Amino acid sequence: MTFAIQVNGNPHSVDVDGDTPLLWVLRDVLGMTGTKFGCGMALCGACTVHVDGVAVRSCITPIDSVGNSAITTIEAIGATPSGAKIQKAWLDREVVQCGYCQSGQIMSASALLASNPRPTDADIDDAMSGNICRCGTYGRIREAIKQAAQSSTQGG
Amino acid sequence: MIDHLVSRVAGPARSSSAKVLSRRTFLQAGAAAGGGLILSLRLPLASAEAQAADGFAPNAFIRIEREGPVVLTMPYVEMGQGTYTSIPMLIAEELEVGLDQVRLEHAPPNAKLYGNPLLGGEQATGNSNAVRASWQPLRQAGATARALLVSAAAKRWNVDPASCRAQRGEVLHAASGKRATYGELAADAAGLPVPENVPLKQSKDFKLIGTPAKRLDTPAKVNGTAMYGIDVRPPGVKIATLAQSPVFGGRVKSVDDAAAKAVKGVRQIVRLDDAVAVVADHMGAAKKGLAALKIEWDDGPHAKLNTDVIVAELEQATLKPGAVAENIGDVDKAMASAVSKVDAIYQVPFLAHATMEPMNCTVHLRKDGCEVWLGSQVMARAQAAAAKAADLPLDKVLVHNHLLGGGFGRRLETDYVTRAVEIAKHIDGPVKVVWTREEDIQHDMYRPYWLDRLSAGLDANGKPVAWNHRFAGSSVLARWAPPAFKDGLDPDTTEGAIELWYGLPNTHTEYVQVEPPGIPTAFWRSVGPSHNIFVTEGFMDELAVAAKQDPVAYRLALLDKTPRAKAVLALAAEKAGWGQPLPQRVGRGVSLQHAFASYMAHVAEVEVAKDGSVRVKRVVCAVDCGIPVNPDTIRAQIQSGIIFGITAALYGKITLKNGRVEQGNFDTYQILRMNEAPTIEVHIVQSSEAPGGIGEAGTSCISAAVTNAIFAATGKRLRQLPVDTAALKQPA
């Protein structure tokens with residue numbers, strides 16, 4: 001079946017079964033490999049994208065549930081104000097190691113910041129505990145989110 | 001600037017014009033294609049065999065061309081540890097270029113050229129030794145290249161080389177105001193004789209080494225453009241996923257693939273002896289097809305194997321003598337005269353690696369050649385594995401290495417390469433074989449289970465006068481590098497169990513090799529010490545308790561002969577506020593190690609809830625890893641190692657039931673998460689010693705600190721990992 005979807009502002013038409021997870025449409029059909037596969041069961045968050053601004057796990061999001069929603073991926077998150085701040089903070093704080101989970105971390109963090117400009121430690125725990133990092137960059141992720149939040153606040 | 005974002009294979013072919021100056025010449029210069037300077041070097045411990053066979057075997061390369069940045073070929077792979085920043089720093093420091101002026105390339109597979117002398121000549125990245133192996137030779141390479149460039153400039157300008165200086169990729173002559181870029185001087189420099197023994201900078205003159213230089217690989221990793229093995233998409237590539245025999249050693253008995261073939265996007269089912277793969281247009285279809293397969297397995301000889309059988313065998317093995325790894329003094333005599341005695345049995349479980357990027361490998365097999373895309377810690381082995389599986393000569397196999405979404409030892413193996421080639425044999429065109437997380441966990445090669453028996457004798461003052469330790473488990477090196485296993489021993493399995501930093505007068509340590517049936521073993525981050533430090537530091541804590549002494553004071557009193565160990569222990573204790581009061585069921589524990597040529601102490605602060613659940617709240621680390629090349633990378637690696645080790649200490653366990661691994665995904669193989677992560681403080685001791693390894697040290701040192709802290713909080717001594725929370729429940 002053919003599905004018309006909107007990814008990063010661009011329309012795409014894909015011919016797959018309706019239960020195909022969005023993750024594989026992005027990676028294998030559209031060739032957008034920035035979104036990562038980690039578990040396939042929404043346990044690790046590596047596949048996180050935004051659907052209408054909300055962080056979702058694309059590995060369990062069937063393509064027939066997406067409809068006309070605006071899908072945003074790591075490839076375009078830098079064009080959003082919160083995404084740009086998060087990416088900058090990630091570089092400033094030297095968060096990244098192997099980097100494989102970081103697309104998902106950045107997508108979760110930028111969704112948090114967009115909805116909550118001044119997250120507390122508890123807010124960060126709530127928003128980020130679904131994202132596993134095997135390199136253990138959690139401390140730096142927390143600092144980077146706080147830095148990005150501070151720059152948001154200062155920027156008005 | 002890093003070239004690994006695009007797939008390419010580059011390297012020694014470009015240096016073919018480099019001339020051999022003498023067998024002993026450590027560095028050699030030559031003209032690069034296109035009129036530039038190439039400087040090759042051989043790491044000092046590279047195998048004599050390779051050197052004799054090839055006359056001169058270069059190991060890493062600096063290439064300076066007329067235009068463009070300085071190009072460095074990296075014999076080590078980047079898997080998050082920051083080696084693509086620390087290794088260039090060593091060269092750039094002496095070469096006098098900025099990190100913004102270098103470009104990095106992956107080395108191609110060639111064990112003779114790029115063999116790691118600290119890993120038996122393998123072209124491998126592991127055992128935390130990239131900086132250790134490169135510290136002297138790469139700085140020397142940079143200094144020699146700089147001297148050649150300065151000489152070339154001085155000759156051109158007819159001035160004294162001593163009146164010229166190098167700075168950010170240029171040679172300057174202050175008196176005349178003349179300047180020339182390295183690129184402009186490269187062709188001249190290539191024709192000059194290579195100077196011997198160019199002096200290296202004193203550490204006080206370092207501009208780059210010791211600074212928290214920014215990582216070079218990071219920008220691409222925050223915007224989705226970084227290329228990992230799993231991201232390659234050669235034109236026409238199909239995606240395959242697979243089910244391997246759930247019992248190791250089992251076989252496929254029958255396959256009903258009718259339903260799988262009916263799935264939209266499924267192209268082909270490949271049946272192997274011990275696995276079935278579904279090939280499709282995309283992974284969604286491949287996974288759906290896999291779920292629709294009806295496979296009947298012949299489970300083979302391990303159909304009834306349970307973990308407790310393996311453990312019982314290890315327990316029996318430790319009752320008989322093993323290979324003597326170390327003997328100091330006379331333990332029997334000392335034990336006989338001891339005032340008190342302490343006995344214990346320790347155990348650590350099988351562990352999976354669970355790299356965030358699941359195993360994958362892309363192969364395009366043609367009649368006359370094979371192309372492979374992957375992320376590997378062992379490029380040359382990957383090439384050899386593909387050649388063997390494809391039945392092709394080595395030179396017909398082209399391997400593209402990519403970023404690794406975690407290594408931790410898993411990508412020191414090549415089973416996933418062999419498997420991908422076996423599948424590719426049945427497919428016309430390129431195929432990317434991607435393992436599901438469940439396959440990744442259930443067909444890993446595991447950190448061995450080890451079982452240890454210890455006894456110690458204390459004198460009237462509580463000092464340990466006798467230390468007896470015998471342990472049994474798998475030797476990974478015996479399989480991975482057989483020559484390294486001699487007389488029943490290998491240097492990895494015993495690291496951390498022998499050459500203890502406490503200077504004990506009488507010690508006796510034995511190892512019994514027992515290879516478990518039905519479960520493959522492999523290196524896992526922090527290798528031998530991942531087990532040995534937990535055991536020795538847990539047991540040392542028991543001795544302090546038996547002696548009714550403070551665990552830190554007890555250790556400090558034994559460290560007069562190892563001042564670096566004593567200093568990190570004292571520093572960690574001080575920074576952690578050792579001895580200050582804590583609430584009920586909160587405790588501090590300490591652990592000290594000398595491993596990977598670095599000294600490290602951790603103090604963990606742990607809270608044990610009434611239900612027995614454990615939270616590590618804070619970890620204070622003090623480390624002496626010699627000259628800190630990049631302090632921020634060191635901090636990052638220690639933070640990382642600690643989290644990795646806490647995951648294992650609290651949750652890590654692979655068990656077998658009826659030959660099958662019982663864990664499958666992150667619900668049953670739990671990983672520490674943001675809400676559980678402790679605050680971590682890292683204190684780096686300033687040192688002028690040669691650099692030690694750092695990528696794994698944080699992991700091996702943490703588990704004993706955690707269990708020792710649990711003892712302090714609850715009085716319950718845990719001698720087995722992972723932590724048994726049921727044993728820690730507060731009685732009602």
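Above this text you will find the structure in question.
Residues numbered from 1 in each chain as written. Chains lettered and ligands numbered in written order. Predicted model: local features only at pLDDT ≥ 70, side-chain atom pairs only at ≥ 80, totals over all residues. Heavy atoms only, no water.

### So, the pattern of salt bridges
Reasoning step 1: This model, assessed by the stated rule, comprises 46 salt bridges over all chains.
Reasoning step 2: Arg140 of chain A is paired through a salt bridge with Asp632 of chain B; the nearest N and O atoms lie 3.1 Å apart. Of this pair, Arg140 of chain A sits in helix α5 (residues 138-154) while Asp632 of chain B sits in helix α17 (residues 631-650), placing the two residues on different chains. Here the two residues Arg140 of chain A and Asp632 of chain B agree in accessibility, since each one is buried.
Reasoning step 3: With its nearest N and O atoms 3.0 Å apart, the salt bridge here joins Asp541 of chain B to Arg555 of chain B. Taken as a pair, Asp541 of chain B in helix α14 (residues 527-546) and Arg555 of chain B in helix α15 (residues 551-556) lie far apart in primary sequence, 14 residues in all.
Reasoning step 4: Its relative accessible area of 0% is what places Arg555 of chain B among the buried residues. (Salt bridge = Lys/Arg side-chain N within 4 Å of Asp/Glu carboxyl O. Helix = DSSP H or I, 4+ residues; strand = E, 2+ residues; numbered from the N terminus. Buried < 20%, exposed > 50% of the residue type's maximum accessible area, 1.4 Å probe, protein only.)

### Here we look at the sheet that holds strand β28 (residues 679-684) of chain B
Each strand in a sheet pairs with its neighbour through backbone hydrogen bonds, running either in the same direction (parallel) or in the opposite one (antiparallel).
Residue and element names in this part refer to chain B.
Reasoning step 1: Judged by pairing direction, the sheet is mixed, and its four strands sit side by side in the order β23-β24-β25-β28 without closing on themselves. On the outer flanks of this sheet lie β23 (586-595) and β28, each paired with one strand and no other. Geometrically, the sheet is characterised by an average inter-axis angle of 15° between neighbouring strands, direction not taken into account.
Reasoning step 2: Where strand β25 (residues 614-624) and β28 come together, six bridges link them in parallel fashion. The residue of β28 that forms the bridge with Val620 is Glu681.
Reasoning step 3: Running at roughly 135° to β28, α17 makes contact with β24 (598-608), β25 and β28 of the sheet.
Reasoning step 4: The sheet contacts of helix α18 (residues 697-714) involve β23, β24 and β25, and relative to β23 the element is tilted by about 150°. (Pairing = 2+ DSSP bridges. Axes fitted to C-alpha atoms, helices over the stretch in contact; angles between N-to-C directions. Contact = heavy atoms within 4.5 Å.)

### Some remarks on helix α11 (residues 415-424) of chain B
Reasoning step 1: Taken across its ten residues, α11 of chain B has seven buried, putting it largely inside the fold.
Reasoning step 2: Three or more residues of α11 of chain B are buried, namely Tyr416, Val417, Arg419, Ala420, Val421, Ile423 and Ala424 of chain B.

### Describing the packing of aromatic side chains
Aromatic rings considered in pairs are described by the distance between their centres and by the relative angle of their planes.
Residue and element names in this part refer to chain B.
Reasoning step 1: Under the counting rule described, the total for this entry stands at twelve aromatic pairs over all chains.
Reasoning step 2: Pairing Phe350 with Tyr449 gives two aromatic rings, centres 5.8 Å apart and planes at 65°, and the pair type is edge-to-face. Of the two residues, Phe350 is situated in the loop between β15 (340-348) and β16 (360-366) and Tyr449 in the loop between α12 (437-442) and β20 (450-458); the sequence distance between them amounts to 99 residues.
Reasoning step 3: In this structure an aromatic cluster arises from ring pairing among Phe408, Trp524 and Phe644.
Reasoning step 4: When the ring centre of Trp524 is taken as reference, the NZ or CZ atom of Arg447 above it lies at 5.5 Å. (Phe/Tyr/Trp six-rings, centres within 6.5 Å; stacked < 30°, edge-to-face > 60°. Lys NZ or Arg CZ within 6 Å of the ring centre and 35° of its normal.)

### Here we look at the interface of chain A and chain B
Reasoning step 1: With 53 residues of chain A in contact, the opposing surface of chain B contributes 61 residues.
Reasoning step 2: Carbon and sulfur atoms make up 56% of the area that chain A and chain B hide from each other, which totals about 4600 Å².
Reasoning step 3: Applying the counting rule to chain A against chain B returns six salt bridges.
Reasoning step 4: Where chain A packs against chain B, one counts 33 residue pairs in polar contact (both at pLDDT 80 or more).
Reasoning step 5: Among the elements of the structure, α1 (22-29), α2 (81-92), α3 (102-115), α4 (121-128) and α5 of chain A are those that each provide at least two residues to the side of chain A that touches chain B.
Reasoning step 6: Across the side of chain A that touches chain B, the residue classes tally to 24 nonpolar, 15 polar and 14 charged. (Buried area = accessible area lost by both parts, 1.4 Å probe. Polar contact = N/O pair within 3.5 Å; in protein donor to acceptor, adjacent residues only side chain to side chain. Nonpolar A, V, L, I, M, F, W, Y, C, P; charged D, E, K, R; others polar.)

### Overview of the sheet that holds strand β8 (residues 178-181) of chain B
Residue and element names in this part refer to chain B.
Reasoning step 1: Here three strands make up an open sheet; going across it, the order is β6-β7-β8 and the pairing antiparallel. Single-partner strands in this sheet number two, and they are β6 (164-167) and β8. Strand after strand, the sheet turns through a mean of 20° between neighbouring axes, direction not considered.
Reasoning step 2: Note: strand β7 (residues 170-173) against β8, four bridges, orientation antiparallel. Bridging across to β8, Val171 finds its partner in Ala180.
Reasoning step 3: Contacts between helix α4 (residues 130-157) and the sheet are confined to β6, β7 and β8, with β7 contributing the most and set at about 45° to the helix.
Reasoning step 4: Contacts from helix α5 (residues 182-190) reach β6, β7 and β8, with the element oriented near 80° to β8.

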